[in-house]
Amino acid sequence: MTQATDFYYRLPMRAGSQRPGSHPGTSHGNGQEFVTHATLFSRPDPRRLDVRASLRDVRGDWLVRVMRQRVGVPVWLAADVSASMVFGASRTKLAVLSDLARAIGASASRVGDAAGMVAFDSHEREDLYVQASMSRGIGHVMAAALDDPQLAAHAEVGERHQGDPVDGLAAALQRLAGRQCLVFLASDFHFPLARLDAALDPLSRAYIVPVILWDPAELEPPPLNGLVSLRDAESAGRSAMWLRPSLRTQWRDAVAERRATLAAFFANRGLRPFWVQGSFDADAMSEYFFEANA
């Protein structure tokens, strides 16, 4: 079993929840962040009595401190398991996604948050759904579902992968509609973005981290000239081309253009993507959240 490496995360806004946790909350309770004073009559909690403030009160009321508590927030992985995720030169993107699932589970468990998973290809993959749980092993449960050899086998032969992955994503995200939560949306995003905006609308109260999983072999063309056989990862269709310097330039330009398109798309929603190329780096994910909360 692969050892999970956790990372730091915190929402950059206050969350409304009644369950204590580690994130800034909007509710009042047994926290450490002072908000205001209230009279002992309106908030009968002698443990919060502020004698100094009470002696200064012009009305002579006994005053208690009103504190804002930290809260727990559910963490969800929305996992793309479509055919293109089986591609990879040394490790498949699906295997890297499994590493991410372990890390999310370990990170959530460390701070006392519940973690769960929804998955999709061209449909919602209900067989891969993992209910959010505070169990310490929840990351390994999610990873085990993604490591199932049958999952990769179905993708290789194109089973269940006919159609637009945005349809599956939209169906999967309906489970999270209206919830205040943290969502890691992990995919290579090798599909048209025209309908993705509408698919993300149900997550208006969630904080979304787009995790873009690309393999190094997708980013850089082979170095030698010659005839190469290419296979479309989604449709399994094959084609051949004679690789030459001009095509390498077009390849690199297409990668740069797609990167810019994705960055612009998510920026329009106020989101910043996290790029994963070849392997998941937990320290880089921690830096991502430090910058988001700076």
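Residues numbered from 1 in each chain as written. Predicted model: local features only at pLDDT ≥ 70, side-chain atom pairs only at ≥ 80, totals over all residues. Heavy atoms only, no water.

1. Here's the deal with the overall build of the protein chain
Then comes step 1: Each helix and strand counted, the protein chain has nine helices and 10 strands in total.
Then comes step 2: Classification of the 294 residues of the protein chain by burial places 46% in the buried group.
Then comes step 3: Excluding contacts between residues fewer than 6 apart, the proportion of contacts in the protein chain whose partners are at least 24 apart in sequence is 75%.
Then comes step 4: Surface accessibility of the protein chain: about 14600 Å² in total, with carbon and sulfur atoms responsible for 53%. (Helix = DSSP H or I, 4+ residues; strand = E, 2+ residues; numbered from the N terminus. Buried < 20%, exposed > 50% of the residue type's maximum accessible area, 1.4 Å probe, protein only. Contact = heavy atoms within 4.5 Å. Areas by Shrake-Rupley, 256 points an atom, 1.4 Å probe, with all protein chains shown as cover.)

2. Looking at the sheet that holds strand β4 (residues 115–120)
Then comes step 1: The sheet built from six strands is open, its strands ordered β5-β4-β3-β6-β7-β10 with mixed pairing. Of all the strands in the sheet, the pair left with one neighbour each is β5 (130–133) and β10 (274–277). Taking each pair of neighbouring strands and ignoring which way they run, the sheet shows an average axis angle of 20°.
Then comes step 2: The pairing of strand β6 (residues 182–187) with strand β7 (residues 207–214) spans six bridges and is classified as parallel. Its bridge partner lying in β7, Phe184 is registered against Val209.
Then comes step 3: Relative to strand β3 (residues 75–80), helix α2 (residues 93–111) is tilted by about 175°, and along the sheet it contacts β3, β4, β6, β7 and β10.
Then comes step 4: Contacts from helix α9 (residues 282–292) reach β6, β7 and β10 within the one sheet, and its direction differs from that of β7 by about 145°. (Pairing = 2+ DSSP bridges. Axes fitted to C-alpha atoms, helices over the stretch in contact; angles between N-to-C directions.)

3. Description of the nonpolar core
Then comes step 1: Among the nonpolar cores identified, the biggest contains 42 residues, and Leu77 and Phe184 are the most heavily contacted of them.
Then comes step 2: Breaking this core down by element, the ones donating at least two residues are β3, α2, β4, α3 (138–147), β6, β7, β10 and α9.
Then comes step 3: The greatest single-element share of this core, amounting to eight residues, is contributed by α2. (Core = buried A, V, L, I, M, F, W, Y, C linked by side-chain atoms within 4.5 Å.)

4. What about the environment of Ala115?
Then comes step 1: As for its placement among the helices and strands, Ala115 is situated in strand β4.
Then comes step 2: Dropping the residues within four chain positions of it, Ala115 is found in contact with Val75, Gly105, Ala108, Gln131, Ala132, Ser133, Ile138 and Met142.

5. Description of the pairing of β6
Then comes step 1: Of all six residues making up β6, six are buried, and the element is well covered by its neighbours.
Then comes step 2: Bridge count for β3 against β6 is five bridges, and the pairing is parallel. Note that in β6 the partner of Trp76 across the bridge is Val183.

6. Remarks on the environment of Ser187
Then comes step 1: Residue placement: Ser187 occurs in strand β6.
Then comes step 2: A sequence separation of 94 residues divides Ser187 from Lys93, and the C-alpha atoms of the two residues are 8.8 Å apart.
Then comes step 3: The residues touching Ser187, leaving out its near neighbours within four places in the chain, are Asp80, Met85, Val211, Ile212 and Leu213.
Then comes step 4: There is a polar contact of 2.7 Å between the side chain of Ser187 and the side chain of Asp80. (Polar contact = N/O pair within 3.5 Å; in protein donor to acceptor, adjacent residues only side chain to side chain.)

7. Overview of the pairing of β3
Then comes step 1: For β3, a buried count of six out of six residues is recorded, marking the element as mostly surrounded by other parts of the structure.
Then comes step 2: Alternating residues of β3 divide into Val75, Leu77 and Ala79 and Trp76, Ala78 and Asp80, and every residue in both groups is buried.
Then comes step 3: Of the strand pairs in this sheet, β3 and β4 are connected by six bridges, and their pairing is parallel. If you follow Ala78 over to β4, its bridge partner there is Val118.
Then comes step 4: In this view, the connection linking β3 to its parallel neighbour β4 by way of α2 has right-handed handedness. (Right-handed = clockwise from strand over helix to strand, strands pointing away.)

8. Section: the pattern of salt bridges
A side chain with one charge may pair with a side chain of the opposite charge, provided their charged atoms come close.
Then comes step 1: Applying the stated criterion to the full structure yields 17 salt bridges.
Then comes step 2: Across the pair Asp6 and Arg110 runs a salt bridge, and its minimum N-O distance is 2.8 Å. Of this pair, Asp6 sits in the segment before β1 (20–39) while Arg110 sits in helix α2, placing them 104 residues apart in sequence.
Then comes step 3: Residue Arg47 pairs with Asp45 through a salt bridge whose shortest N-O separation is 2.9 Å.
Then comes step 4: The class for Arg47 is exposed, based on a relative accessible area of 68%.
Then comes step 5: By sharing partners, the salt bridges in this structure join Arg91, Asp99, Arg102 and Asp147 into a single network. (Salt bridge = Lys/Arg side-chain N within 4 Å of Asp/Glu carboxyl O.)

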